[in-house]
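Architecture at a glance
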Amino acid sequence: MRHARLIVIFVAAMAMPLLAGTDPYLHAARGAAQWINSSAIRTPDGVVWPSDPRDAKSVNETLYAGTPGPILFFLELYRDTGETRYLKSAREGTDALLRSLKRDAPTGLYEGLAGEGFTLGEAYLITHDKKYLDGALQCVSWLQDRAQKIGSGVEWNDSTDIIAGSSGTGLFLLWAAEKLAAPGARELAISAGQSLIEKGRPEGVDKRKWMMDSKYPKEMPNFSHGTAGVAYFLATLYQQTGRKEFLDAALEGARYLLSIADKTGDICLIYHDDTFNGKTLYYLGWCHGPAGTARLFYRLYQTTKDPAWLEWTKKAARAIVASGGPEKAVTPGVWHNVSACCGTTAEAEFFLDVYRVTHDREYLQLSRKATDELLSHATQNAKGTSWVQVETRVKPDVAIAQTGYMQGASGIGMWLLKMSDFSKGKVQPAITFPDNPFAY
């Protein structure tokens, strides 16, 4: 890069021995399943998995870090291998999740009812067990009951974002309407979009930005907590409704992001936050980096057919390479993370997504290289395969192995299954999250 910046990525850690003659990706995914199940806690309602196997109190129901992650991973592993032991684990987890549903739980996609409903819905789509459909529809019904009128639309809390706010919840509602024919879900998502348009802050005549909420002072513009995620939801609303006001707002959000991006050379890279130090801090993954923010660009390409948005998607991918990912750090202060949220897994999946839409083999090679790097970080022992990493950049000494989706073995395992299938030329349905435009 032409000017100094702090790039937050990972370094290689412990190597995992692989069995000769095996598919290394499927082998590692099976090992992850074994390790996750080694921490299973049996309850009268089914099975739960603590986020941190060392701490039984870390059990939770969030899609980000809790039992939904292992459920989805086991469902995918069953569909991929046909082995009923994985279906049994998925059912036991889903049974426990179903019985843990609470009307007054947080509502968000990665932090509440929307994520629980998505997990139950996916369990229904694979098992065809109606009780899981009933549970998913119950989540939709509670979201309808708890929607609060604001302006010309609705919200569930003060958050606008993908993680816990209206954008992520709205994406689940659109998914539930399409996949489960959930009554009223699409209309409720539209109403949430109307409110989000009104919450946007104009930036000049043709740009708009969104804060995470009205109280948090920092603007974090990328996908998980900022404008990129909100605009992605609005673009998705346009894709499904044809209502121009949603496309207009999404384009205003995208133009704002491009106005603040580092476009040095042939890249697109947006800082972590708008504080003095945050404007020199760049993540590379899903949450605050190109792997996530490019989802907006690709969604706009899908909806407008404007090739410029596909070019911005590729520039986001090139930003990861130009910044030193996925193999080495380019500055001091390294953050050891390999997760689906912030690290190597997010980068590897994004590179394959870009290859699948561009057919440029450079991105396929990068995806394989990142996945091999991911395997080199694994720890293998009698319990199975896990990944010890640092979840939070500001706590670099806290390194643990987790079971969940966004920061743990479930998210890594789901990615390894996709790479395994792709490498073998195996085409089959795969679980696609509501915030992912790159359907499998």
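Shown above is the structure to which this text applies.
A short tour of the structure in this document, coming up. Predicted, not measured: the structure shown is a model, and the values here were computed from it.

Definitions and cut-offs
Residue numbering note: each chain is counted from 1, following its sequence as written. A pLDDT threshold of at least 70 governs which residues receive local features in this predicted model, and a stricter bar of 80 or more applies before side-chain atom pairs are shown or counted, although totals over entire chains, interfaces and linings include all residues. Note: side-chain values were computed over all heavy atoms of the structure, leaving out hydrogens and water. The helix and strand labels rest on DSSP assignments: H or I over at least four residues marks a helix, E over at least two residues marks a strand, and numbering proceeds from the N terminus. Three exposure classes are used, based on accessible area relative to the maximum for each residue type with a 1.4 Å probe and protein chains only: buried under 20%, partly exposed in between, and exposed over 50%. Contact between two residues is taken to exist if any of their heavy atoms lie within 4.5 Å; hydrogens are not considered. Accessible surface area values rest on a Shrake-Rupley calculation with a 1.4 Å probe, where residue burial reflects the displayed protein chains alone. Charge assignment: positive for Lys and Arg, negative for Asp and Glu; neither His nor the chain ends contribute. Think of each charge as sitting on NZ of Lys, CZ of Arg, CG of Asp or CD of Glu. Stacked, tilted and edge-to-face are the three classes applied to pairs of Phe, Tyr and Trp rings, where Trp contributes its six-membered ring and a pair requires centres within 6.5 Å; stacked means planes under 30 degrees apart, edge-to-face means over 60, and tilted covers the rest. By the criterion adopted, a ring carries a charge over it if an Arg CZ or a Lys NZ lies within 6 Å of its centre and within 35 degrees of its normal. The definition of a nonpolar core used throughout is a set of buried Ala, Val, Leu, Ile, Met, Phe, Trp, Tyr and Cys residues joined through side-chain atoms within 4.5 Å. Throughout, disulfides are identified as pairs of cysteine sulfur atoms within 2.5 Å of each other.

Now for the overall build of the protein. Helices and strands together make up the secondary structure of the protein, namely 14 helices and 12 strands. Expressed along its principal axes, the backbone C-alpha trace of the protein runs to roughly 60 × 50 × 40 Å. Each of the 440 residues in the protein was classed as buried or not, and the buried ones make up 62%. Long-range pairs, those at least 24 residues apart, make up 69% of the contacts in the protein with a sequence separation of at least 6. When the accessible surface of the protein is split by element, carbon and sulfur atoms take 52% of a total near 16,300 Å². Of note, the protein has its 48 positive side-chain charges centred 1 Å away from the centre of its 48 negative side-chain charges.

Position of Ser420 among the secondary structure elements: in helix α14 (residues 409-423). With a relative accessible area of 1%, Ser420 lands in the buried category. The residues touching Ser420, leaving out its near neighbours within four places in the chain, are Asp23, Tyr25 and Leu26.

Here we come to the packing of aromatic side chains. Scanning the entire structure with this criterion turns up 16 aromatic pairs. With a centroid separation of 6.4 Å and 20 degrees between ring planes, the pair formed by Phe350 and Phe351 is classed as stacked. What makes Phe350 buried here is its relative accessible area of 2%. In this structure Phe351 comes out as buried when scored by relative accessible area, which is 0%. Within the aromatic cluster, the residues linked to one another by ring pairs are Tyr110, Phe118, Phe172, Trp175, Phe223, Tyr232, Trp286, Tyr405 and Phe433. Geometry around Trp312 places Lys315 over its ring, the cationic atom sitting 4.3 Å from the centre.

Take the nonpolar core next. Ranked by internal contacts, the top residues of the largest apolar core, which has 133 residues, are Tyr110, Phe172, Leu234, Trp286 and Leu416. No other element matches helix α9 (residues 244-260), which puts 10 residues into this core. With residues up to four places along the chain from it excluded, the contact list for Leu416 reads Tyr25, Ala28, Ala29, Thr371, Leu374, Leu375 and Trp387.

As a further point, take the environment of Arg146. Note that Arg146 resides in helix α5 (residues 130-146). Using a relative accessible area of 21% as the deciding quantity, one classes Arg146 as partly exposed. Expressed as a C-alpha distance, the spacing of Arg146 and Pro70, which sit 76 residues apart in the sequence, is 28 Å. Sequence-distant contacts of Arg146, that is, excluding residues within four places in its chain, are made with Arg103, Asp104, Ala105, Thr107, Leu113, Glu155 and Trp156.

One non-glycine residue, His128, lies in the positive phi region at around 65 degrees. The residue His128 is located in the loop between α4 (113-127) and α5 in this model. Residue His128 is classed as exposed on the basis of its relative accessible area, which comes to 61%. For Lys305, which is not a glycine, the phi torsion comes out positive at approximately 65 degrees. Classification of Lys305 as exposed rests on a relative accessible area of 61%.

In this structure the tally under the stated criterion is zero disulfides. With no disulfide of its own, Cys341 lies 3.3 Å from the sulfur of Cys342, the closest cysteine sulfur. For Cys342, a relative accessible area of 8% corresponds to the buried category.

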